[in-house]
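Spelled out from the first residue to the last, the chains are:
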Amino acid sequence: MRRTAGGIALLVAGAAVFVGARGIDRGTADNAQPATKVAAKKVIKRTGPPVPDEIRGVHVTMALASIPGKLDGYVRTLGLNTVELDVKDENGEVAFYHRAPPMARRVGSAMRYYDPKEVATALHRQGIYVIGRVVCFEDPLLAEKRPDLAIQTAGGGIWQNNAGLGWANPYDKRVWDYNLSIAQAAVKAGFDEIQFDYVRFPSDGPIESAIFPGKRREAMALTIAKWVHYATNRLRAMGARVSVDVFGLSATRNLGIGQSPRRLAKIVDAIYPMVYPSHYGSGEYGLSSPVSVPGRTVGRSLRDFRRQMRGGRADLVPWLEDFSFTGTTTLEHVQEQIRAARRWRSRGFLLWNPSGIYTTGALTTP
């Protein structure tokens, strides 16, 4: 399940905030150029549709994509122009086997949910922009099969979060190259954009006991920015756009997980904040019940992102919720979020529902 609906409780400033269960070539990530001169000469022209003026799309798991006719059904009925599809998910699974990099096959993460080239080609024929989601550092499968690449405990075991899931070590360049190779496989197959998720340090669990082999004396945000810069230069050289998912509060205050919209906006093509109203605790942004005023909640979060991303190159495209913890999602609940995204000059929006069921009419909100 993508960013599980139950969420992970993160205690920030006394309020329970629910967050979903969602080396540099030269210089530093703060002064890095969008691409090196060498990379620019190697750029491969994309063959898919252009980036939509307003991105309107939904998240699709690899399991849903494996169901015959499921993707076509989304395209026919929802009015979308973009599909964001799992390439590598938070379980550590890679959606395809034949085109997967060798290491994915060796550790057993390469699955057979779909053929990425067939999927990308079919969606392109219908004019759909294709984003591939690659989960970076929450990777229980890699941690189990390659404990030398995992965050560890003092006794040499695999560190786990509150859900019992292992994480790959953000300081290890071999982890960087593993995730990059999976992203490159998707781009070679025709995906238009790679969206990195869980591009951060862990937010829950016994973090004080975590051991990071090769840990460097630098801010976590710089470590994450270095990884993103490393991957972005190489994927841009293949003609792909690159983006990142970040928590909805990461532009409001430092969450201690290495996500800095200010740094990342200078590196990637787009930032996708997860501004789900139901995931904010009472009192956040001065709102007694953020989920009861979804438009206002989304707007106040995006206001902070606009401030933090000023001077950067990245588009702002929020993730919005199309589900409810308390009952049936209403069209109005989703529409209020969409209108807030437009008021804050977003480059569109993506919808998330953990079950993959989306509200008819939401994506065509006037």
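Quick note: structure is the one above.
Peer 1: What exactly am I supposed to notice about the environment of Ala225 here?
Peer 2: Here Ala225 is to be found in helix α8 (residues 220–236). A sequence separation of 43 residues divides Ala225 from Val268, and the C-alpha atoms of the two residues are 9.8 Å apart.

Peer 1: Whenever I open this one, the pattern of salt bridges confuses me. Can you help?
Peer 2: Two side chains carrying opposite charge are able to pair once their charged atoms lie near each other. Applying the stated criterion across every chain yields a total of 21 salt bridges. A salt bridge links Arg342 to Glu54, with the nearest nitrogen and oxygen atoms 2.7 Å apart. Placement of the pair is Arg342 in helix α11 (residues 331–343) and Glu54 in the loop between α1 (37–41) and β3 (55–60), with a sequence separation of 288 residues. On the basis of relative accessibility, which here comes to 21%, the residue Glu54 falls in the partly exposed class.

Peer 1: It is not clear to me how unusual backbone geometry should be interpreted in this structure. Could you clarify?
Peer 2: Leaving glycine out, the prevailing phi sign among residues is negative, and the prevailing peptide bond configuration is trans. Notably, Tyr285 is not glycine yet its phi reads approximately 60 degrees, a positive angle. When you line up the elements, Tyr285 lands in the loop between β8 (270–274) and α10 (294–308). Using a relative accessible area of 12% as the deciding quantity, one classes Tyr285 as buried. Non-glycine residue Arg345 carries a positive phi angle of around 55 degrees. Tracing the backbone shows Arg345 in the loop between α11 and β11 (348–352).

Peer 1: I keep staring at the pairing of strand β7 (residues 241–247) and nothing clicks. Help me out?
Peer 2: Successive residues of a regular strand alternate their side chains across the two faces of the sheet. Across the 7 residues that make up β7, a large majority, 7, are buried. Neither face of β7 is exposed, since Arg241, Ser243, Asp245 and Phe247 on one face and Val242, Val244 and Val246 on the opposite face are all buried. Here β7 pairs with β8 via 5 bridges, running parallel. Counterpart to Ser243 in the pairing with β8 is Ala270.

Peer 1: I tried to follow the packing of helix α7 (residues 173–189) against α8 on my own but got confused; where do I start?
Peer 2: The axes of two packed helices give the description: the angle between them and the distance between them. Two numbers describe how α7 lies on α8: the axes approach to 10 Å, and their chain directions differ by 35 degrees. As α7 runs across α8, the sense of the crossing is right-handed. Contact residues: α7 offers Lys173, Trp176, Asp177, Asn179, Leu180, Ala183, Gln184 and Val187, while α8 offers Thr223, Lys226, Trp227, Tyr230, Ala231, Arg234 and Leu235. Counted by class, the contact of α7 with α8 contains 8 nonpolar, 3 polar and 4 charged residues.

What counts, and where the lines are drawn
Residues numbered from 1 in each chain as written. Predicted model: local features only at pLDDT ≥ 70, side-chain atom pairs only at ≥ 80, totals over all residues. Heavy atoms only, no water. Helix = DSSP H or I, 4+ residues; strand = E, 2+ residues; numbered from the N terminus. Salt bridge = Lys/Arg side-chain N within 4 Å of Asp/Glu carboxyl O. Buried < 20%, exposed > 50% of the residue type's maximum accessible area, 1.4 Å probe, protein only. Pairing = 2+ DSSP bridges. Axes fitted to C-alpha atoms, helices over the stretch in contact; angles between N-to-C directions. Left-handed = near helix turned anticlockwise from the far one by under 90°. Contact = heavy atoms within 4.5 Å. Nonpolar A, V, L, I, M, F, W, Y, C, P; charged D, E, K, R; others polar.

All quantities given are derived from atomic positions and should not be read as evidence of function.
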